[in-house]
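Examination of the molecular architecture
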Amino acid sequence: MAAECVFCDIVAGRLHAEILFEDERTVAFLDNTAVMEGHTLVIPKQHAADIWAVSEDDAAAVMRTVHRMAAVLDGVLEPDGMTLFQANRPAGWQDVFHLHVHLVPRLDSDHLHRPWYVDRADPAALARTRHRILAP
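So, a few notes on the structure that sits alongside this text. Residue indices follow the written sequence of each chain, beginning from 1 at its first position. The predicted origin of the model limits local features to residues at a pLDDT of at least 70 and limits the giving and counting of side-chain atom pairs to 80 or more, whereas totals for whole chains, interfaces and linings rest on all residues. As a convention, hydrogens and water are excluded, and side-chain values are obtained from all of the structure's heavy atoms.

Examining the overall build of the chain
Scanning the chain from N- to C-terminus turns up 3 helices and 5 strands. When the helices and strands of the chain are listed from N to C terminus, the series reads α-β-β-β-α-β-β-α. Taking the principal axes of the C-alpha coordinates as reference, the chain spans close to 50 × 40 × 25 Å. Of all 136 residues assigned to the chain, the portion counted as buried reaches 32%. Contacts are assigned to residue pairs with any non-hydrogen atoms lying within 4.5 Å of each other. Across the chain, contacts joining residues at least 24 apart in sequence account for 53% of those joining residues at least 6 apart. Here the Shrake-Rupley method, with its probe set to 1.4 Å, supplies the accessible areas, and only the displayed protein chains count as covering residues. As displayed, the chain has an accessible area near 9,400 Å², and 55% of this comes from carbon and sulfur atoms. Secondary structure elements follow DSSP: runs of H or I no shorter than four residues count as helices, runs of E no shorter than two count as strands, and numbering proceeds from the N terminus. Partly exposed residues are those whose accessible area sits between 20% and 50% of the maximum for their type, while under 20% is buried and over 50% is exposed, using a 1.4 Å probe and protein chains only.

Structure (structure tokens):
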């Protein structure tokens, strides 16, 4: 547990949350800043600030719980779609520094919109980036 971590406080029972699911490694609860009905967060119980700090086993456990909760939310709320979101570091839009995945049930007519527009990337730029990533 990390000092001054709101999600660690939820795991420890020091802070109330509307918990939907819990197992040995993860907790799923309703986001108290929900942007849509059913907006759910899934976290590892073991504190990890972000994707680089989480263990592979905890990351896998989080995704298993995300998968389970997506099915539950789909069955109960019957949304038109579902947006999953996981942010890291301030530049990546993270504002609570305990790894978490957002599950946001979506409706065709909801008020949310994409944060970016899709354009085809330059194939040469993709090849250069691939080379940088795979270079020894």
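Still more to cover.
Notes on the nonpolar core
Remark: nonpolar core denotes a set of buried residues (Ala, Val, Leu, Ile, Met, Phe, Trp, Tyr, Cys) joined through side-chain atoms within 4.5 Å. Within the largest apolar cluster, 12 residues are counted, these being F21, A28, V42, A48, V54, V62, V66, M69, L73, L99, V101 and L103. Listed by contribution, the elements that provide at least two residues to this core are α2 (56–77) and β5 (101–106). In terms of residue count, α2 provides more of this core than any other element does, 4 residues in total. Contacts of M69, omitting those with residues within four sequence positions, involve L20, F21, A28, V42 and L103. Counting residues in each nonpolar core, the second largest holds 10 residues, with F7, C8, V11 and L41 among its members.

Re the layout of surface pockets
The space that makes up the largest pocket amounts to roughly 790 Å³. Among the elements of the structure, α1 (6–12), β2 (26–30), β4 (81–85) and β5 are those that each provide at least two residues to the lining of the largest pocket. Each residue is assigned to one class: nonpolar for Ala, Val, Leu, Ile, Met, Phe, Trp, Tyr, Cys and Pro, charged for Asp, Glu, Lys and Arg, and polar for all the others, Gly among them. Residue composition of the lining of the largest pocket, grouped by class: 17 nonpolar, 9 polar and 5 charged. Grid spacing is 1 Å over the protein atoms alone, the probe is 1.4 Å, and a cavity is where that probe fits but cannot get out, while a pocket is an open set with protein on both sides within 12 Å along at least five of seven lines and lining residues have an atom within 4 Å of a point. Grid points are joined across faces, edges and corners, and a volume is the space filled by probe spheres set on the points.

Focus: a nonpolar patch on the surface
Patch definition: residues with relative accessible area over 30% and no salt bridge; like charges joined within 9 Å; nonpolar side chains (Val, Leu, Ile, Met, Phe, Trp, Tyr) joined within 5 Å. Salt bridges are counted wherever a side-chain nitrogen of Lys or Arg sits within 4 Å of a carboxyl oxygen of Asp or Glu. On the surface, a nonpolar cluster with roughly 390 Å² of combined accessible area is contributed by W93, W116 and V118. Mapping W93 onto the fold places it in the loop between β4 and β5. The exposure class assigned to W93 is partly exposed, which follows from its relative accessible area of 47%.

A look at the sheet that holds strand β3 (residues 40–44)
Each strand in a sheet pairs with its neighbour through backbone hydrogen bonds, running either in the same direction (parallel) or in the opposite one (antiparallel). When DSSP finds at least two bridges between two strands, those strands are taken to pair. Spatial ordering of the open sheet is given by β1-β2-β3-β5-β4, a layout of 5 strands whose pairing is antiparallel. A single partner strand is all that each edge strand has here, and the edge strands are β1 (19–22) and β4. Averaged over all pairs of adjacent strands, the angle between strand axes in this sheet comes to 20 degrees, irrespective of strand direction. Alignment of β2 against β3, held across 5 bridges, turns out to be antiparallel. Paired with L30 across the two strands is T40, which belongs to β3. Axes, fitted as lines to C-alpha atoms, cover a helix only where it is in contact. Angles between the N-to-C directions of the axes lie from 0 to 180 degrees.

Observations concerning unusual backbone geometry
Unlike most non-glycine residues, R89 shows phi in positive territory, near 65 degrees. Checked against the element boundaries, R89 lands in the loop between β4 and β5. Unusually for a residue other than glycine, W93 sits at a positive phi of about 80 degrees.

Description of the state of the cysteines
When two cysteine sulfur atoms are found within 2.5 Å, that pair is recorded as a disulfide. Scanning the entire structure with this criterion turns up 0 disulfides. Looking at C5, it has no disulfide partner, and the nearest cysteine sulfur is the one in C8, 3.6 Å off. When its relative accessible area of 6% is taken as the criterion, C5 is described as buried. C8 sits in the buried class, given a relative accessible area of 0%.

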